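# Secondary and tertiary structure notes
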Amino acid sequence: MRVQNINRDNTNFKGMLNNKTFLKGLETISDHGTSFAAATSLVMSLTVRPLAILATPDTEKENKQYACANSIGSGLIKFGLVEAVALPIESAVKKIDKNPNKFLKKDTIKNIKPPTSRSYKLGTQIMKLGTGIITAIPKSMLTIALIPFIMDKLFNAQKAKPETPQKPKGLTFGAKPTESLAKGIGKILDNTKIQNFLKKNEHNDKDIAKHLTAGTDILLTSSFAYMTDKSQNIKENRKKALIYNNVISTAITLAGGYGIDSLIQNKSENFVEKFKQANKGNPNLHKHIEGLHILRPALIFAAIYYGILPIFSTYIAEKVDKHLINKSI
């Protein structure tokens, strides 16, 4: 009987590394990184985080209810703003990916080589993921306006009528992305200073999602704390615990997220190298790798913020609040 020889080095791995569904998912994440993060946040903020908060022991019921209302409102507003702002930008970038000659100058195309070069990918990811920073302050405003409404509807807590959320000015695009938006992004990429910056920092493309997520969280927490303190629709004796909860959650999430990401970075890089070998010749390989770099920090931060921290931060926030109140008496 003749046994067929198998060259293990040339055998194409048929597991998860080149699974069609997995690859399609990574491509979608690459094209819609901000939407992916917002959808993940929405699901977790409506389910896992509220359940964890409500399960917090030795904590006043109303403090837990406010924390839950904040989680639900934050997830809904974040997703809504992404639909209004990020999706048109993501779609406009995709137009440039498909037809760079239409939206970019010849010198730009020669210099940053869209759509596969690291410098071009860095620039477009900054634009797509940067929408979180652009919408951070409006998100905080709308979340705070929504908290009393959620408290009333979910927990039958009678509050003063919340202020009508104002539509953020300058952040609304049409229902469909327009050619003008793609042309506007093209003009940014045509700027030689922008191109020089992207080429100088293109080696940081794998960490851009992590850094922009951290920057967005810091701005969100800072603006939320300030606006909560000024709000007339949140009970005065609940404001501090709500602020401390957010600050503690963000601080530990960022510290833990960066720490865990650094610990697993070597292993993840090994995985990426194996992934490249398994999908050698795939024309969309650059998008799949980009999707991996977005997916890794998104899952780490989400697991910490929504799954691990809620009980701890809610408990500690109340204890800090009570300690400061007792100290001031």
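Report follows, based on the coordinates. (Residues numbered from 1 in each chain as written. Predicted model: local features only at pLDDT ≥ 70, side-chain atom pairs only at ≥ 80, totals over all residues. Heavy atoms only, no water.)

A separate point is the nonpolar core. Ile89, Ile96, Leu104, Tyr120, Ile185, Leu189 and Phe275 are the most contacted members of the largest nonpolar core, which has 33 residues in total. Elements with a contribution of two residues or more to this core: α1 (20-31), α4 (61-98), α6 (106-112), α7 (118-129), α10 (179-190), α12 (208-230), α13 (236-278) and α14 (285-328). Not counting residues within four places of it along the chain, the set of residues in contact with Tyr120 comprises Val93, Ile96, Asp97, Leu104, Ile112, Pro114, Pro115 and Leu189. The next biggest cluster of nonpolar side chains, apart from the first, holds 15 residues, and it includes Tyr66, Ile72, Ile77 and Leu142. (Core = buried A, V, L, I, M, F, W, Y, C linked by side-chain atoms within 4.5 Å. Buried < 20%, exposed > 50% of the residue type's maximum accessible area, 1.4 Å probe, protein only. Helix = DSSP H or I, 4+ residues; strand = E, 2+ residues; numbered from the N terminus. Contact = heavy atoms within 4.5 Å.)

So, on to the pattern of salt bridges. Tallied over the full model, the rule gives 16 salt bridges. Where Lys287 meets Asp97, a salt bridge forms, and the shortest distance between an N and an O atom there is 3.4 Å. Within this pair, whereas Lys287 is found in helix α14, its partner Asp97 is found in helix α4, the two being separated by 190 residues in sequence. Take Lys287 and Asp97: they sit in the same class, and that class is buried. Put simply, Arg296 and Asp261 hold a salt bridge, and the shortest N to O gap is 2.5 Å. You can see Arg296 sitting in helix α14 and its partner Asp261 sitting in helix α13, a full 35 residues away along the chain. Judged by relative accessible area, Arg296 falls into the buried class, the value being 12%. One salt-bridge network, in which partners are shared between bridges, spans Asp31, Lys94, Asp97 and Lys287. (Salt bridge = Lys/Arg side-chain N within 4 Å of Asp/Glu carboxyl O.)

Everything listed here is a matter of geometry and, on its own, says nothing about what the molecule does.
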